[in-house]
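# Fold and geometry: a report
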Amino acid sequence: VGNNSGASRVSGAVVEKYSFFYLPGDFEVTKSILTVTANNKTKEYGNENPTLTYLFTGWVKGIEEIDVPPTIFTTVDKSTPAGTHNGAISFLGGEDNNFTFKFEPASFSISKAKLDVVADNQTKVFGEENPILTYSCIGWKNNDNISDLLVQPIAGTLIGKATKVGKYSDAITVSGGFDENYEFSYVSSDLKVTKASLVVVAESKAKCFDGKVFGGKNNVTYSGFVNGEDRSVL
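Everything numeric here is computed off the predicted structure, so don't read it as measured data.

Turning next to the overall build of the protein. Regarding its fold elements, the protein presents 0 helices and 20 strands. The proportion of buried residues among the 234 residues of the protein is 24%. In the protein, once contacts between residues fewer than 6 apart in sequence are set aside, the share between residues at least 24 apart is 57%. As displayed, the protein offers around 15,700 Å² of accessible surface, 51% of which is attributable to carbon and sulfur atoms.

Below you can see the structure in the form of structure tokens.
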């Protein structure tokens with residue numbers, strides 16, 4: 001590439017009436033266009049970037065190397081939100097004596113990270129109000145926490161004060177969460193209803209040596225019934 005002075009020459013003409021005086025001309029070689037195309041990349045939110053790559057098109061036969069390769073870079077990092085970021089992979093620099101670079105940027109697609117939302121097992125006594133239902137989240141990225149979610153999941157159950165004693169598998173469910181960076185996976189848990197305590201008090205009695213009991217029949221009193229129940233349910 002360059003202005004090659006005197007590189008173009010004329011010679012060889014013969015005419016009876018003329019003598020020829022030849023003057024050389026210049027031959028200018030311009031740079032060829034070499035297209036540098038970045039490859040599209042994909043990763044999950046919060047992960048490290050994969051290696052950025054690119055390819056060349058437009059090599060001239062016999063020349064497939066350049067003096068100073070361009071530097072490929074991206075504006076995407078671990079904290080970049082999920083989504084498709086067009087033109088996020090591009091180039092800087094690059095120099096060659098024979099080529100002019102034409103850069104073609106690429107997109108960076110970031111998928112949502114998986115967040116497991118696991119309901120915590122709970123226990124309660126028959127007839128009492130439900131305990132506060134809680135859950136744990138597994139899979140946070142970038143030191144995120146529950147307060148960073150756009151919509152927080154909610155734990156719920158069909159168990160109530162009147163639910164009979166027993167262990168109810170998957171009775172506590174979690175649902176309703178949403179966030180631009182996380183895909184939710186919900187795991188249910190168990191709720192165990194235990195027996196309530198019923199206090200039975202026998203009335204004090206006195207008797208004589210002959211075994212006769214004073215005060216009528218032996219009676220008991222109960223305390224601890226729930227849900228409006230009484231001794232008739234026993």
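Before going further, it helps to examine the sheet that holds strand β12 (residues 135-138). What the 3 strands build is an open sheet, ordered β12-β10-β15; its pairing is mixed. The outermost strands of the open sheet, each flanked by one partner alone, are β12 and β15 (182-187). Geometrically, the sheet is characterised by an average inter-axis angle of 25° between neighbouring strands, direction not taken into account. Bridging between strand β10 (residues 113-119) and β15 involves 6 bridges; their strand directions are parallel. If you follow V118 over to β15, its bridge partner there is V187.

On to the environment of V117. Residue position: V117 is located in strand β10. Residue V117 is classed as buried on the basis of its relative accessible area, which comes to 0%. Placed 19 residues apart in sequence, V117 and S136 show a C-alpha to C-alpha distance of 5.8 Å. Contact partners of V117, with chain neighbours within four places excluded, come to Y135, S136, C137, P153, V174, F184, S185, Y186 and V187.

Before going further, it helps to spend a moment on the side chain of D144. The topology assignment puts D144 in the loop between β12 and β13 (154-157). At 9.0 Å, K141 is the nearest oppositely charged side chain to D144, a buried residue that forms no salt bridge. A polar side-chain atom of D144 sits 2.8 Å from a polar atom in the side chain of Y45. Residue contacts for D144: discarding those within four places in its chain leaves Y45 and Y182.

What follows concerns unusual backbone geometry. One non-glycine residue, N142, adopts positive backbone phi at about 55°. Tracing the sequence through the fold places N142 in the loop between β12 and β13. Judged by its relative accessible area of 28%, N142 is partly exposed. Unlike most non-glycine residues, N143 shows phi in positive territory, near 60°. Residue placement: N143 occurs in the loop between β12 and β13.

Before going further, it helps to spend a moment on the side chain of N181. If you trace the backbone, N181 turns up in the loop between β14 (166-175) and β15. The exposure class of N181 is buried, given its relative accessible area of 9%. From its side chain, N181 meets the backbone nitrogen of A82 in a polar contact 2.8 Å long. Not counting chain neighbours up to four residues away, the residues in contact with N181 comprise Y45, P81, A82, K112 and A113.

A cluster of nonpolar side chains, L198, V200, V220, V233 and L234, forms an exposed patch at the surface whose accessible area comes to about 410 Å². Locating L198 in the fold gives a position in the loop between β16 (189-194) and β17 (199-202). Overall, the relative accessible area of 33% leaves L198 in the partly exposed class.

Time to look at the pattern of salt bridges. Following the criterion strictly, the structure yields 6 salt bridges and no others. We note a salt bridge from E48 to K78, for which the minimum N-O separation is 3.8 Å. Taken together, the positions of E48 in the loop between β4 (41-44) and β5 (54-57) and K78 in the loop between β6 (71-74) and β7 (83-92) put the pair 30 residues apart, joining distant regions of the chain. Across the pair K161 and E129 runs a salt bridge whose closest N-O atoms are separated by 3.8 Å. Taken together, the residues K161 in the loop between β13 and β14 and E129 in the loop between β11 (122-125) and β12 connect sequence positions 32 residues apart.

Counting through the fold element by element, K195 comes out in the loop between β16 and β17. Sequence separation between K195 and K164 is 31 residues; the distance between their C-alpha atoms is 8.7 Å. Setting aside its immediate chain neighbours within four residues, K195 contacts V125 and V165.

Reading the values: rules and limits
- Residues numbered from 1 in each chain as written.
- Predicted model: local features only at pLDDT ≥ 70, side-chain atom pairs only at ≥ 80, totals over all residues.
- Heavy atoms only, no water.
- Helix = DSSP H or I, 4+ residues; strand = E, 2+ residues; numbered from the N terminus.
- Buried < 20%, exposed > 50% of the residue type's maximum accessible area, 1.4 Å probe, protein only.
- Contact = heavy atoms within 4.5 Å.
- Areas by Shrake-Rupley, 256 points an atom, 1.4 Å probe, with all protein chains shown as cover.
- Pairing = 2+ DSSP bridges.
- Axes fitted to C-alpha atoms, helices over the stretch in contact; angles between N-to-C directions.
- Lys, Arg positive; Asp, Glu negative; His and termini not counted.
- Salt bridge = Lys/Arg side-chain N within 4 Å of Asp/Glu carboxyl O.
- Polar contact = N/O pair within 3.5 Å; in protein donor to acceptor, adjacent residues only side chain to side chain.
- Patch = residues over 30% accessible without salt bridge, like charges linked within 9 Å, V, L, I, M, F, W, Y side chains within 5 Å.

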